[in-house]
Amino acid sequence: MSIQLTDISKAYGNQKAVNTISFEAKKGEIVGFLGPNGAGKSTTMKILTGFIQPTEGTVLVSDVDVVANPIEAQKKIGYLPEHNPLYLDMYVREYLQFKASIHKIDNEKVAEVIERVGLTVEAHKKINQLSKGYRQRVGLAAAILHNPEVLILDEPTTGLDPNQLVEIRELIKELGKDKTVLLSTHIMQEVEAVCDRVIIINKGEIVTDKLLTELKTSNEQIIRVTFDYKLEEQFIKRLPNITAFKNTIENNWILTFDTSEDMRPVIFDFAQENGLKILGLNTENKNLEGLFRELTN
Ligand code: ADP
């Protein structure tokens, strides 16, 4: 296993930032680590990379115990922290050669990595002359110089414009082919675009761990509907295939169904039979977004 976290907790004073979390990830997997702000994503990543120590639990990276052997473990890890700390006054190539020298890596490898992350035409510039997208490439280049088995990327696309977003996601996908990638984000589309698997963390606890393919094959259907009239729950319960419902405000409902049949016409018929009018009706994509809201709200 490339990543193995077992019963990890981290407390800051008496606040638990993460609470007995466990998960594993294997080679070739790109795992999206999703959660609202303050859920514990960065804390988990810092524990994985040996930057901070857990209060409890064990963490192995490529079978090396990160707490007992942080230096050995860090040889196997490439880490792009949340705010991508770079020496802005250095030139791109100079910076990467400097980072490489720390790992005793030769300049030939630096040239290879510059090419791989698409920095060739920018390599002669100072880092502070680069756009945010290219700065992220420099951060990614620095993270993969020592050819780590595991890449930990903390919100790698925050602040990028839509074109840069697509480019960096492509790059992460490419890098993920022969590595294990754990990527934190609060953008659901990002997980759908890049990841094979999603782990959702909320208030320091893992609330779901699923393959994206499992999500896509689910029959769950979420429909938001507004009637012209306040309905009793017992009426709503009569809808076929309904598995959950929530009366958000006044006459608005979020209805969850478990069926492959499109439930919108059924809701229309239901309204008509009961003398109701529909003022609004939206299907929510049965996707990560619905799941995320359900689990973290
Ligand atoms: P995320 O990355 O998901 O936004 P974090 O891991 O940064 O979440 O934070 C999880 C919780 O731990 C938050 O409530 C945060 O305020 C708290 N926290 C993080 N770092 C520290 C710290 N150094 N000292 C005290 N509390 C912290």
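Quick caveat, the model's predicted, so the values are computed rather than measured.

Chemist: Looking at this model, I keep getting lost on the site of the ligand. Mind explaining?
Modeler: Within the structure, the ligand sits among Tyr12, Gln15, Ala17, Pro36, Asn37, Gly38, Ala39, Gly40, Lys41, Ser42 and Thr43. Here an oxygen atom of the ligand and a backbone polar atom of serine 42 are 2.8 Å apart. A distance of 2.5 Å is found between an oxygen atom of the ligand and a side-chain nitrogen or oxygen belonging to threonine 43. For the ligand, whose unbound accessible area comes to 560 Å², protein coverage reaches 61%. For the shell around the ligand, the secondary structure elements donating two or more residues are strand S2 (15–25) and helix H1 (41–48). By residue number, the principal contributor to the shell around the ligand is H1, which donates three residues. Partitioning the shell around the ligand into residue classes produces four nonpolar, six polar and one charged.

Chemist: How should I be thinking about the sheet that holds strand S10 (residues 205–211) in this particular structure?
Modeler: Within a sheet, adjacent strands bond to each other through the backbone by hydrogen bonds, running parallel or antiparallel. Strand order in the open sheet formed by six strands is S6-S7-S8-S3-S9-S10, and the pairing between neighbours is mixed. Bordering the open sheet on either side are strand S6 (77–80) and S10, each of which pairs with just one other strand. Averaged over all neighbouring strand pairs, the angle between strand axes comes to 15°, with direction disregarded. Summarising the sheet, strand S3 (residues 30–34) and strand S8 (residues 180–185) pair through five bridges and their orientation is parallel. Each residue of the ladder has a partner; that of phenylalanine 33, found in S8, is serine 184. Relative to the sheet, H1 contacts S3, S6, strand S7 (150–154), S8 and strand S9 (197–202), its axis offset from that of S8 by approximately 150°.

Chemist: Help me understand the pattern of salt bridges, please; the structure alone is not making it clear to me.
Modeler: Opposite charge on two side chains makes pairing possible when the charged atoms of those side chains draw close. Enumeration according to the criterion identifies ten salt bridges in this entry. Taking the shortest distance from any N to any O, the salt bridge between glutamate 149 and lysine 76 comes out at 4.0 Å. Of this pair, glutamate 149 sits in the loop between helix H5 (132–144) and S7 while lysine 76 sits in the loop between helix H2 (70–74) and S6, and the two are 73 residues apart along the sequence. We classify lysine 76 as partly exposed; its relative accessible area is 23%. Residue aspartate 262 is joined to arginine 264 by a salt bridge in which the shortest nitrogen-to-oxygen separation is 2.7 Å. Under the relative-accessibility criterion, arginine 264 is labelled partly exposed at 35%.

Chemist: Which parts of the structure should I look at to understand the domain arrangement of the chain?
Modeler: Size of an interface: often given as the accessible area lost when the parts come together. As far as domains go, the chain holds domain 1 (3–215) and domain 2 (219–296). Averaged C-alpha coordinates put domain 1 and domain 2 at centres separated by 39 Å. Where domain 1 meets domain 2, there are zero salt bridges. Run the count over domain 1 and domain 2 and you get one residue pair in polar contact (both at pLDDT 80 or more). Elements supplying a minimum of two residues to the side of domain 1 that touches domain 2: helix H7 (188–194), S9 and S10. When the residues that make up the side of domain 1 that touches domain 2 are grouped by side-chain class, the tally is eight nonpolar, three polar and one charged.

Chemist: Is there a simple way to explain the packing of aromatic side chains in this structure?
Modeler: By convention here, two paired aromatic rings are described through the distance between centres and the angle between planes. Counting across every chain of the model gives six aromatic pairs. Each residue in the set Tyr87, Tyr95 and Phe98 is aromatic and connected to the rest through ring pairs, giving one cluster. It is arginine 137 that lies over the ring of tyrosine 134; its NZ or CZ is 5.0 Å from the centre.

Conventions used here
Residues numbered from 1 in each chain as written. Predicted model: local features only at pLDDT ≥ 70, side-chain atom pairs only at ≥ 80, totals over all residues. Heavy atoms only, no water. Near = heavy atom within 4 Å. Polar contact = N/O pair within 3.5 Å; in protein donor to acceptor, adjacent residues only side chain to side chain. Areas by Shrake-Rupley, 256 points an atom, 1.4 Å probe, with all protein chains shown as cover. Helix = DSSP H or I, 4+ residues; strand = E, 2+ residues; numbered from the N terminus. Nonpolar A, V, L, I, M, F, W, Y, C, P; charged D, E, K, R; others polar. Pairing = 2+ DSSP bridges. Axes fitted to C-alpha atoms, helices over the stretch in contact; angles between N-to-C directions. Contact = heavy atoms within 4.5 Å. Salt bridge = Lys/Arg side-chain N within 4 Å of Asp/Glu carboxyl O. Buried < 20%, exposed > 50% of the residue type's maximum accessible area, 1.4 Å probe, protein only. Domains from an automatic or database assignment. Phe/Tyr/Trp six-rings, centres within 6.5 Å; stacked < 30°, edge-to-face > 60°. Lys NZ or Arg CZ within 6 Å of the ring centre and 35° of its normal.

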